[in-house]
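Commentary on secondary and tertiary structure
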Amino acid sequence: MSRNFELLQQVGGTLESPVSAEEAAEPLSMPAVETGPSTPALDVAGKVRDEIAKLVLNLFLLPGAKGRRQVIFAGAEAGAGCSWMCARVGEVLASQIRGSVCVVDCNLRSPGLHQQFAIDNHFGLSDAVVRSEPLHQYVRQLSRKNLWLLSSGSPTENWQEKVSSGGLRLRLTELRSQFDYVLMDVASTNTCNDGIVLGGSADGIVLVLKANSTRRDIARKALQEFKAANIPVLGAVLNQRTFPIPDNIYNRL
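Residues numbered from 1 in each chain as written. Predicted model: local features only at pLDDT ≥ 70, side-chain atom pairs only at ≥ 80, totals over all residues. Heavy atoms only, no water.

1. Examining the state of the cysteines
Enumeration according to the criterion identifies zero disulfides in this entry. Between C102, a free cysteine, and C106, which holds the nearest cysteine sulfur, the sulfur-to-sulfur gap is 9.5 Å. Of the residues examined, C102 reaches a relative accessible area of 0% and is grouped as buried. (Disulfide = S-S within 2.5 Å. Buried < 20%, exposed > 50% of the residue type's maximum accessible area, 1.4 Å probe, protein only.)

Here is the structure:
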């Protein structure tokens, strides 16, 4: 594991970060699709804003992260806040670049990414796997023109079969060709091996841990499994950690 990123979960205002010429990526393409009113920006500010910005910088924007475009977010256990994390990182990344970002709910077992954006889970990934329509018919534009969501789609009983199918891998390859960055939210590592199954389609994985909850042996087991499968672990996020320093003092540091 290369780094241990600590995130302090807190809800506040809207994050806005300026785009510099040095940091902005040139977009590969933007899907041509008509959308309704975009969703409101996620609420994130203060310490959370700063920590997520650091995470985005280390994962995608530093020179050592060049070429890293498709990343998986996996919780070590259910309730770690993986969907929350994937959604916020996606929006912050979209605010930092000119390229396109797509967040994808690959958790067909217990989807939750659409809830982070307060929208319905209509047609999405599970539908795209078994149908042949162009991928842009399944994605939805979010709070920014360069931010998109591919929800999990229609409920399915054979979710494990779909996750390991060639059809899903084909769709993920399509996503990589159509978006500059693809962030994938998968089921927790202690419930299934979706992260390992999909790991071969990504540039690495971020493990999300819940502060004061995730046991060390669960995190260690997940890391060992990723290592055995030759899946790069890009970092670990300690989510929902309390912070003893008041905001007015923290902001002066």
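2. Here we look at the packing of aromatic side chains
Under the criterion given, the structure shown has two aromatic pairs. Ring centres of F60 and Y181 lie 5.4 Å apart, and the angle between their planes is 80 degrees; on these two criteria the pair is classed as edge-to-face. Taken together, the positions of F60 in helix α1 (residues 46–61) and Y181 in strand β6 (residues 181–186) put the pair 121 residues apart, joining distant regions of the chain. Just as F60 is buried, Y181 falls in that class too. R131 extends its terminal NZ or CZ atom over the ring of F123, reaching a point 5.4 Å from the ring centre. (Phe/Tyr/Trp six-rings, centres within 6.5 Å; stacked < 30°, edge-to-face > 60°. Helix = DSSP H or I, 4+ residues; strand = E, 2+ residues; numbered from the N terminus. Lys NZ or Arg CZ within 6 Å of the ring centre and 35° of its normal.)

3. Brief notes about the confidence of the model for the protein
On average, the protein scores 79 in pLDDT, and the residues at 70 or more come to 76%. Between residues 1–26, whose pLDDT stays under 50, and residues either more than four places distant or in other chains, the model counts 85 contacts. Considering only residues more than four positions removed or in separate chains, one finds that residues 249–253, a stretch of pLDDT under 50, has six contacts. (pLDDT = per-residue confidence, 0-100. Contact = heavy atoms within 4.5 Å.)

4. A short note on the nonpolar core
Core analysis: the largest hydrophobic core is formed by 38 residues, its most contacted members being V104, L150, L175 and L198. Once residues within four sequence positions are removed from consideration, L150 is found in contact with C102, V103, V104, D105, G124, L125, L135, Y138, V139 and L175. Formed by 34 residues, the second largest nonpolar core is a distinct cluster that contains L59, L93, F117 and V237. (Core = buried A, V, L, I, M, F, W, Y, C linked by side-chain atoms within 4.5 Å.)

5. Some thoughts on the pattern of salt bridges
Scanning all chains against the criterion turns up six salt bridges. One salt bridge connects E51 with K54, and the closest N-O pair in it is separated by 3.4 Å. With E51 and K54 both in helix α1, this residue pair falls three residues apart, about one helical turn. E51 gets classed as buried once you look at its relative accessible area, which sits at 17%. Residues E174 and R171 are paired through a salt bridge, measuring 2.9 Å at the closest nitrogen-oxygen approach. Residue E174 and its partner R171 are located together in helix α6 (residues 166–178), separated by three residues, close to a single helical turn. (Salt bridge = Lys/Arg side-chain N within 4 Å of Asp/Glu carboxyl O.)

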